[in-house]
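Observations on the model geometry
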Amino acid sequence: MAKPKLEYVCTECGSIQPKWQGQCPDCGEWNSLVERLAANKVTKKMTAKGYSGTQASTIVAANEVDLTTIPRLTSTLTELDRVLGGGIVNGSVILLGGDPGVGKSSLLIQVLAQISGQHSVLYVSGEESLSQIVMRGQRMNLPLDNMKFLAETEVERITELAISASPKVMVIDSIQTMQLAELGAAAGGVSQVRESAAYLTRFAKQNNIAIFLVGHVTKTGEVAGPRVLEHIVDSVLFLEGESDSRFRTLRAIKNRFGAVNELGVFAMTDMGLKQIKNPSAIFLSRRAEPSPGSVVTVIWEGSRPLLVELQALVAESPFGQPRRVSVGIDGNRIAMLLAVLQRHGGIQAADQDVYINVVGGIKVTETSSDLALLLAILSSLRNRVFDGSWLVFGEVGLSGEIRPVPSGQERIMEAAKHGFKRAIVPKANLPKPLPQNIEVIGVDSLTEALAAID
């Protein structure tokens, strides 16, 4: 068999080169050339085998488009459906990434086992034997009688067998172990991962099969393989969790069928991943005796509020350069807020080490936690205990103003539901009428916020 011809495409500008180079000659980017098959032989072979299931492409009007495949398929896990935007879309390709052992395979085998009662499903593994997969499912006490399994790494063979099985949902575990016979490269290489994902994506679209691709991650937390892999699929989900914690968070960083800011929360147990219906409860450590440097805030994740505890530790620095260490919050924003606290609050912390932590391992990306963070730093600096029934949120501007945040009233209602009695919020977020079971204090500036806690 003749060796297939390869070409190299730049992931930055899209230019095609006949051989690999360290720098793209067109755009000047370094290490941006990835190899692929020339003349798109994979697509031709797939169509020749009859996998397309579609007719020749034609131009159609909007009212002529068939929308019968739009309804979503529920995964039976409401937290996963929330992150996906309401359920699994027929013919969609979903990339699930995460650290080894975080629970990716356990989550997907749970989903397939529950769906198998109503629809045909197929679990394809390139890493484990069939006995290992079934033993895991039995250990989790899952209904496996209607599930179908396949241990295979050759993509052409997988799609050929999948045609006869006609699954509604299929799992590929993992994409880094898949390979195309047309390519001479080893499995896990840039060309194999990219072309295998493109091949499976075309197969999913043409045969209306939803496919989950399990992806390994690199040391930097990105899916291993070319970055274009994330552009090929419809959704990219990340399952995250600390090794010493049983809680897992599922977040979408790309979703063509829904929002990308939704958050699903699970707990890892002996029986698999269990949904957390009230995630605010797990991120709050409501101790009997509050300690200095602890303030509770409420952030907005997708379509719901989430209560989290911010902790700050301020200590005199023994070195000439004070340290700024943060876990769960951007370190650059902490430096900016400390400057605002000094300039508009008159509180000096330039010679102090500042350590920030978000309880529960969650990452706070929005600015509504600014005011709570400053008050936590002040609480630790002055060794003053904040009342555990207080809640604080609001964005802090460079001129010391407290800016309103979206969905302020819903955040206050969430705090009241969990027993908080007082709240410091931006004045523009004051609810009308004021709630009866929680005292709400509106502030316009950092000065007013500091006066409210004295």
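Note: the structure precedes this text.
Presented here is an overview of the structure given in this document.

Calculation criteria
- Residues numbered from 1 in each chain as written.
- Predicted model: local features only at pLDDT ≥ 70, side-chain atom pairs only at ≥ 80, totals over all residues.
- Heavy atoms only, no water.
- Helix = DSSP H or I, 4+ residues; strand = E, 2+ residues; numbered from the N terminus.
- Pairing = 2+ DSSP bridges.
- Axes fitted to C-alpha atoms, helices over the stretch in contact; angles between N-to-C directions.
- Contact = heavy atoms within 4.5 Å.
- Polar contact = N/O pair within 3.5 Å; in protein donor to acceptor, adjacent residues only side chain to side chain.
- Buried < 20%, exposed > 50% of the residue type's maximum accessible area, 1.4 Å probe, protein only.
- Parallel < 35°, antiparallel > 145°, perpendicular 65-115°, else oblique.
- Nonpolar A, V, L, I, M, F, W, Y, C, P; charged D, E, K, R; others polar.
- Phe/Tyr/Trp six-rings, centres within 6.5 Å; stacked < 30°, edge-to-face > 60°.
- Right-handed = clockwise from strand over helix to strand, strands pointing away.
- Salt bridge = Lys/Arg side-chain N within 4 Å of Asp/Glu carboxyl O.
- Core = buried A, V, L, I, M, F, W, Y, C linked by side-chain atoms within 4.5 Å.

Some remarks on unusual backbone geometry
Cis geometry marks the peptide bond from D173 to S174, where omega comes out at 5°. Note the cis peptide between K432 and P433, where omega equals -5°. Residue position: P433 is located in the loop between β22 (422-426) and β23 (439-443). Backbone geometry at N31 places phi at a positive 55°, although glycine is not the residue there. Secondary-structure assignment places N31 in the loop between β2 (16-17) and β3 (33-37). Backbone geometry places N208, a non-glycine residue, at a positive phi of 60°.

Side note on the sheet that holds strand β6 (residues 93-98)
With respect to topology, nine strands assemble into an open sheet ordered β8-β7-β9-β10-β6-β11-β12-β13-β14, the strand pairing being mixed. Bordering the open sheet on either side are β8 (148-151) and β14 (272-275), each of which pairs with just one other strand. The sheet shows a mean angle of 25° between the axes of neighbouring strands, direction not considered. Inspection of the sheet shows β6 paired to strand β11 (residues 235-240) by five bridges, in the parallel sense. By the bridge assignment, G97 is partnered in β11 with F238. Contacts from helix α4 (residues 130-139) reach β7 (121-125) and β8 within the one sheet, and its direction differs from that of β8 by about 145°. Across the sheet, helix α6 (residues 190-207) touches β6, β9 (169-173) and β10 (210-215), and the angle it forms with β10 is around 160°.

Observations concerning the side chain of E309
Inspection of the secondary structure puts E309 in strand β16 (residues 304-316). At 2.4 Å, the side chain of E309 and the side chain of S294 are in polar contact. In terms of polar contacts, E309 uses its side chain to reach the side chain of Q311, at 3.5 Å.

Details of the environment of V265
Among the structural elements, V265 can be located in strand β13 (residues 263-269). Looking at V265, the relative accessible area reads 0%, which means it is buried. Sequence separation between V265 and E240 is 25 residues; the distance between their C-alpha atoms is 9.7 Å. Beyond its immediate stretch of four places on either side in the chain, V265 contacts E79, R248, K274, Q275, I276, P279, I282, F283 and R304.

Comments concerning the packing of helix α9 (residues 331-345) against helix α12 (residues 446-453)
Axis separation between α9 and α12 bottoms out at 10 Å; the angle between their running directions is 85°. Considered as vectors, α9 and α12 are oriented roughly perpendicular to each other. Contacts from V340, L341, H344 and G345 of α9 reach α12 at L446, T447 and L450. When grouped by side-chain class, the residues that make up the contact of α9 with α12 number four nonpolar, three polar and no charged.

Focus on the packing of aromatic side chains
By the definition in use, this model includes two aromatic pairs. Ring plane angle 50° and centroid distance 6.3 Å describe the contact between Y123 and F149, whose orientation is recorded as tilted. Placement of Y123 in strand β7 and of F149 in strand β8 is noted, with a sequence separation of 26 residues between them. Among the residues examined, Y123 registers a relative accessible area of 0% and is labelled buried. Each ring, one from F386 and one from W390, has its centre 5.9 Å from the other, and the planes form 50°; the classification is tilted. Residue classification places F386 among the buried positions, given a relative accessible area of 12%. A relative accessible area of 8% means that W390 is categorised as buried.

Observations regarding the pairing of β8
Looking at chain direction, β7 and β8 are connected through four bridges and run parallel. Counterpart to V124 in the pairing with β8 is L150. Crossover handedness for the path β7 to α4 to β8: right-handed.

Quick word on the pattern of salt bridges
The full count for this structure, using the stated rule, is 12 salt bridges. Between R411 and E366 there is a salt bridge, with its nearest N and O atoms 3.0 Å apart. With R411 in helix α11 (residues 408-417) and E366 in the loop between β18 (352-358) and α10 (370-381), this pair connects stretches of sequence that are 45 residues apart. Accessibility expressed as a relative area gives 0% for R411, which makes it buried. Taking relative accessible area as the criterion, E366 reaches 23% and is therefore assigned partly exposed.

A short note on the nonpolar core
Residues L371, L375 and I377 are the most contacted members of the largest nonpolar core, which totals 45 residues. Leave out the neighbours within four places in its chain, and L375 touches V295, F386, V392, I424, L450 and I453. By size, the runner-up hydrophobic cluster in this structure holds 34 residues, among which are L80, L144, F212 and L237.

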